[in-house]
Amino acid sequence: IIREETTFLYVEDDARSREVMELIMTMAMGVKNLVMFENSTEFASRLAALSPMPNVILLDIHVKPYDGFEMLRMIREHPTLKNATVIALTASVMNEEVEMMRTRGFDGAIGKPLSMSLFPDLIKRVIEGQSVWHTT
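Rules of the game
- Residues numbered from 1 in each chain as written.
- Predicted model: local features only at pLDDT ≥ 70, side-chain atom pairs only at ≥ 80, totals over all residues.
- Heavy atoms only, no water.
- Buried < 20%, exposed > 50% of the residue type's maximum accessible area, 1.4 Å probe, protein only.
- Helix = DSSP H or I, 4+ residues; strand = E, 2+ residues; numbered from the N terminus.
- Arc of directions from axis to C-beta.
- Contact = heavy atoms within 4.5 Å.
- Pairing = 2+ DSSP bridges.
- Right-handed = clockwise from strand over helix to strand, strands pointing away.

## Structural notes on helix 5 (residues 119-127)
Turning to helix 5, its buried residues number three or more, namely Phe-119, Pro-120, Leu-122, Ile-123 and Val-126. Across the axial projection of helix 5, the buried residues extend over an arc of 165°, all falling on one side. At its buried positions, helix 5 is contacted by strand 1 (7-11), helix 1 (15-28), strand 3 (56-60), strand 4 (85-90), strand 5 (108-111) and strand 6 (132-134). A positive phi of about 100° marks Gly-129, the residue just after helix 5.

## Section: the pairing of strand 3
Each regular strand shows side chains that alternate between the opposite faces of the sheet. When you tally the buried positions in strand 3, you get five out of five residues, the bulk of the element. On strand 3, burial covers both faces: Val-56, Leu-58 and Asp-60 on one face and Ile-57 and Leu-59 on the other are all buried. By the bridge criterion, four bridges tie strand 1 to strand 3 in an arrangement that is parallel. Along strand 3, the bridge assignment pairs Leu-9 with Ile-57. Relative to strand 4, strand 3 is paired through five bridges, and the arrangement is parallel. Within the sheet, the bridge partner assigned to Val-56 lies in strand 4 and is Thr-85. Once the chain exits strand 3 it traverses helix 3 (residues 68-77) before rejoining the sheet at strand 4, and the crossover so formed is right-handed.

## Here we look at the environment of Pro-65
Its place among the elements puts Pro-65 in the loop between strand 3 and helix 3. For Pro-65 and Met-29, which are 36 residues apart along the polypeptide, the C-alpha to C-alpha distance reads 30 Å. Once residues lying within four places of it in the same chain are set aside, the contact partners of Pro-65 are Ser-40, Thr-41 and Glu-70.

## With respect to unusual backbone geometry
Residue Pro-52 is bonded to the preceding Ser-51 through a cis peptide linkage, with omega at 0°. Mapped onto the elements, Pro-52 comes out in the loop between helix 2 (43-48) and strand 3. Despite not being glycine, Glu-42 has its phi angle at roughly 50°, a positive value. Of note, Glu-42 is situated in the loop between strand 2 (33-37) and helix 2. What makes Glu-42 exposed here is its relative accessible area of 54%.

This is the structure in structure tokens:
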């Protein structure tokens, strides 16, 4: 079960993916605090303006103008958010890219399309500190 005070941020440029995430998070997981950015424009300042700050950040890897790796760097440089749980969401699951996600500091990765049956458990496991690299 996700703690009520947990705040999520999802950065995703695809409207349908945002809709699916909202359904999964609110209906299947009972998440109360979900913020979504439709792109990564002015990411650092938009992130800093959030209140409350997100504990869990889900990043689509292929977003513009900043990709998931650039956004991760900004998050890790932010004094309040550097220890936030950051999960990569991606449709590209080539071994090299997954390895790059690991080495650059993501806390986990979940492949798209998202599975309504698997996603809640995968998120719970990452939040609990497990290493989850579910990209199939």
